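Each chain is listed here by its residues.
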Amino acid sequence: MKTLSLLFIAAFMANCVLAHEHEHKHDHNHEHNHNHEHEHDHEHERSVEISDAAAELIGLKTVKVEMRRLASSVGFYGRVMSDPRARRRMSMPLAGFVAWRIGAPCEIRPDDELLRLVSPDAATAYGELTTLESRVDAVKRIGAKNASLDAELAAKRVAYAAMTNVLTAVDAWRGEFSLHAIVGGRVDEQLVASGVFAERGTDILKMTETKPPVVFSLVPFSDARGLADGAKARVGERTGTMRVDRTRTDGLVGVWIAYDKGESGSTAATPGESVYVTVESDPAETPVACVPSSAVFRDGVTPSVFVRDEHDADMFVVKPVVPGRSAAGWTAVTGLDAEDEVVSQGVYELRHALPAAGGEKKSAGHFHADGTFHAGGEDDE
């Protein structure tokens, strides 16, 4: 593992363009005042230029400065899991003999045929209905009226429709019907076999409906006082709505977070993955400019961040900041502009490629197996 880590750092150093300083000189005769002021403000600026390949190698990520309410922020880890509400049981809508059209486990889509059933009760009801319809038609043909017969027919039609309302008729005289899937998902288990007679309401299969994953966490009671049903939460780059379970007796509060509509397709999380959740419990609090706590490092003794250069997307400039309160993985800072984009992941690697302060240039070098760095090539030792 140690050798792999050293190879990783060496590869990064090979892909990263040599860091260099921008020493902008103050020229009063510059023909463009705006460019002249930019150079003056960034005098003695230190920066690192990194190629796309090196950025991908170190997993470099950036975020923009965000306005957050840190005083009322609560942060905790959760685990992505399948939505428990996606687990379903399907029961027999009508008593009859079962003939499966699928074999579990299998994937199904809405309107796929699941089974055929033959119901003696439905066949009897259909025969009674058609007989009554014939009697009513005969009465009408002779010009007579029979209100009680009409009412009886209407009641029979309603009863038959209720009996077969989720089924598709195949042969109504025989009482044969088809049952189709209402939702898509995965059939996990069939609970009755083909050829078996099952009563109405008997569970016949277990399935998992296709639903976006949810996040579940157990939060200590003391940290969950500001959490409430319906409140919004941030899970990485996405947002969700909370459901809070305070019925536990072990000092923990169960928190379920369902991703908001339109959010499930972006940066999809994998069931089983750990994620960090942040919740702002006081909407009346004044937001402050914040960056991820991982973005702040000490350049010597000065708290700083790497900011993407506005003129060169591959350049990251060291910018001093004044850190304030930290909460839920974020730190309040002053000294940045609202549009600044800071490095949140890859800071450690960029610091290795950063030129030394005071204009001193770092020499090219190499890493030994023991992890030590030496300037120059191996032949120079």
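I will try to describe carefully the structure that is included in this document. Here the structure is a predicted model, which is why all the values come from computation and not from measurement.

A few points about the packing of helix H4 (residues 120-141) against helix H5 (residues 147-163)
Contact geometry for H4 and H5: axes closest at 10 Å, N-to-C directions at 155 degrees. When the axes of H4 and H5 are compared, the pair comes out roughly antiparallel. Considering only the axes of H4 and H5, their crossing is left-handed. For the pair H4 and H5, contact is made by Asp121, Ala122, Ala125, Tyr126, Glu128, Leu129, Leu132, Glu133, Arg135, Val136 and Val139 and by Leu149, Asp150, Glu152, Leu153, Lys156, Arg157, Tyr160 and Met163, respectively. Looking at the contact of H4 with H5 residue by residue, the class counts come to 11 nonpolar, no polar and eight charged.

Topic: the sheet that holds strand S4 (residues 66-68)
Hydrogen bonds between backbone groups are what pair the strands of a sheet, and the pairing can be parallel or antiparallel. One open sheet accounts for four strands, arranged S4-S20-S25-S24; its pairing is antiparallel. The open sheet terminates on both sides in strands that have one partner only, identified here as S4 and strand S24 (322-327). In this sheet, adjacent strand axes meet at a mean angle of 50 degrees when their direction is disregarded. The pairing of S24 with strand S25 (residues 330-334) spans four bridges and is classified as antiparallel. Along S25, the bridge assignment pairs Val322 with Thr334.

Section: unusual backbone geometry
The omega angle of the peptide bond from Ala104 to Pro105 is -5 degrees, so this bond is cis rather than trans. Note that Pro105 resides in the loop between strand S7 (96-100) and strand S8 (106-108). We note that Asp111 has phi near 80 degrees; this positive angle belongs to a residue other than glycine. Structurally, Asp111 can be placed in the loop between S8 and strand S9 (113-118).

Some words on the pattern of salt bridges
Counted under the stated rule, the structure contains 22 salt bridges. Among the ionic pairs, Asp203 bridges to Arg89, the shortest N-O distance being 3.4 Å. Of this pair, Asp203 sits in strand S14 (residues 203-209) while Arg89 sits in strand S6 (residues 87-91); the two residues are 114 residues apart in sequence, bridging distant segments of the chain. Overall, Asp203 belongs to the partly exposed group, its relative accessible area being 32%. Close ionic contact of Lys156 with Glu128 constitutes a salt bridge, the shortest N to O distance being 2.8 Å. Taken together, the positions of Lys156 in helix H5 and Glu128 in helix H4 put the pair 28 residues apart, joining distant regions of the chain. It is possible to trace a salt-bridge network through shared partners that takes in Arg101, Glu113, Arg116, Arg174 and Glu176.

Rules used in this analysis
- Residues numbered from 1 in each chain as written.
- Predicted model: local features only at pLDDT ≥ 70, side-chain atom pairs only at ≥ 80, totals over all residues.
- Heavy atoms only, no water.
- Axes fitted to C-alpha atoms, helices over the stretch in contact; angles between N-to-C directions.
- Helix = DSSP H or I, 4+ residues; strand = E, 2+ residues; numbered from the N terminus.
- Parallel < 35°, antiparallel > 145°, perpendicular 65-115°, else oblique.
- Left-handed = near helix turned anticlockwise from the far one by under 90°.
- Contact = heavy atoms within 4.5 Å.
- Nonpolar A, V, L, I, M, F, W, Y, C, P; charged D, E, K, R; others polar.
- Pairing = 2+ DSSP bridges.
- Salt bridge = Lys/Arg side-chain N within 4 Å of Asp/Glu carboxyl O.
- Buried < 20%, exposed > 50% of the residue type's maximum accessible area, 1.4 Å probe, protein only.

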